[in-house]
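# Reading the structure
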Amino acid sequence: MFGLTAIEVFIAIVIIFIVLYWITPQRFSWFPLIVITVLFAVLAYNMTPNDADDLMRYYHEINYMRSDGFRELERAINDDVYEFNTYRVCAYYFYFISRFPNNDWLQTVTIFIVYGLMFLVIYKASRHFNVDKLNTFLGIMFFISTYWYYDVASGIRNGLAFTVACACAYYHLVERKNIILCYVGYLLVCFMHPTGFIPVVLAIITEITLNTSGKFFNFLLLFGIVGGGAILKSLSERTNSSFIQSVAGEAESHMSATIFVAGTMGLVNFSALLIVTFFLIYVSYYFLHGDYTPQLKRLFKFSSINIYFMIGSAISNILLFFRLTRWILPIIGTLLFMIGMQIQGDQIKKEGIVKLTYYTPLNQSIRIKTRSVVYILYTAYTAVHFWYLCAGSSLHWIMF
């Protein structure tokens, strides 16, 4: 495309976004987000899948659906192709794509949905919490750098399910809007992929345990994946539910691998978890004592629950850990930083840096004194991870 490789086009798209973002007035900040979403979708349309990608298998089924129509959809469900008898949302999604003239629309529509939803969440959060242009920009760049584009484009179901669930969780827990649609989204996600129910369960746990805290509860979250796997296995042996048996099988098949044997890719994902955990701790004061306490408390709780669960999955289920860190952790890290740093900045303007540095409790004083260091750390990590995204992650497999 234009004489550039696919990775060079990806980088060019990000550069176009950066230029547009800074020349566009903040009240129209939605415009560069729409542009980058469309351009990412166009890139996906023009990519050539690798033979080992899930896309190649999905293409065959979509071709059958395009040829035989609804009759093939019914056959695929009845024959339980790709577990369609249980995950019928995926079956209908593939049938919807088969109505397009070619298979390239599968990854195109998927990329448009996931990036469109995540950028919508970032835009809504920036407006809801009055985040300025710089903090919003840094958050967006962190998201772009840590969200695994090619894994979504080539794998489809995992990234789509996790991202939709995360977007629904934001509207459900923070915006408190369209709650019924959020629950519909949760239901659709659960029947998109075997692990789709994980972020849904974490969102529901957030709602139920909003006023619950303590080390014992965090310990349960940390090792909940192990106990949850045992419970699912027991239920699968005592029930005929295809959904429970599928989820239990998915969990059991990946229980042996851990972060300690995952190589460079695992360490990169674990570094993302460490950096977001650091920011969770750093901004905790502002989320729990800010002007938007109810909304921020729910967002902080959801972030905390996800991070504890990720740590547990790093110990016992590396594939689930990868999915959480690649498709949920990026938006958590984005929202924590841009909202937390904005609240801190507003507090400095209101009360003055001298007062906050020398006449406040030590934990708050340290946060003020290290503000510049935190900005440098966040920016540096974003830049390094963007380099890895292009040079070392699955994105280097993308081609035309």
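Reference entry: report on the structure contained in this document. (Residues numbered from 1 in each chain as written. Predicted model: local features only at pLDDT ≥ 70, side-chain atom pairs only at ≥ 80, totals over all residues. Heavy atoms only, no water.)

## So, a nonpolar patch on the surface
A cluster of nonpolar side chains, F28, W30, F31, I34, V38, V42 and F112, forms an exposed patch at the surface whose accessible area comes to about 600 Å². Take the nonpolar patch: its biggest share by element is five residues, from helix 2 (residues 30-46). On the secondary structure map, I34 appears in helix 2. Of the residues examined, I34 reaches a relative accessible area of 46% and is grouped as partly exposed. (Patch = residues over 30% accessible without salt bridge, like charges linked within 9 Å, V, L, I, M, F, W, Y side chains within 5 Å. Areas by Shrake-Rupley, 256 points an atom, 1.4 Å probe, with all protein chains shown as cover. Salt bridge = Lys/Arg side-chain N within 4 Å of Asp/Glu carboxyl O. Helix = DSSP H or I, 4+ residues; strand = E, 2+ residues; numbered from the N terminus. Buried < 20%, exposed > 50% of the residue type's maximum accessible area, 1.4 Å probe, protein only.)

## Description of the packing of aromatic side chains
By the definition in use, this model includes 43 aromatic pairs. When the ring of F142 is compared with that of Y381, the centres are 6.3 Å apart and the planes differ by 35°; the resulting orientation is tilted. Placement of F142 in helix 7 (residues 133-146) and of Y381 in helix 21 (residues 371-391) is noted, with a sequence separation of 239 residues between them. Summarising the burial analysis for this pair, F142 and Y381 share the class buried. Where Y285 meets Y286, the ring centres are 5.5 Å apart and the plane angle is 85°; that geometry is what we call edge-to-face. The class for Y285 is partly exposed, based on a relative accessible area of 22%. Of the residues examined, Y286 reaches a relative accessible area of 2% and is grouped as buried. A cation sits over an aromatic face here: K133 above Y21, 5.4 Å from the ring centre. Above the ring of W148, the side-chain terminus of R326 is found at 3.9 Å from the ring centroid. (Phe/Tyr/Trp six-rings, centres within 6.5 Å; stacked < 30°, edge-to-face > 60°. Lys NZ or Arg CZ within 6 Å of the ring centre and 35° of its normal.)

## Some remarks on unusual backbone geometry
Leave glycine aside and you will find that most residues have negative phi; peptide bonds, for their part, are mostly trans. Even without being a glycine, Y82 presents a positive backbone phi close to 50°. Of note, Y82 is situated in the loop between helix 4 (70-78) and helix 5 (88-98). On the basis of relative accessibility, which here comes to 24%, the residue Y82 falls in the partly exposed class. At R176, a position not held by glycine, the phi torsion is positive, near 55°.

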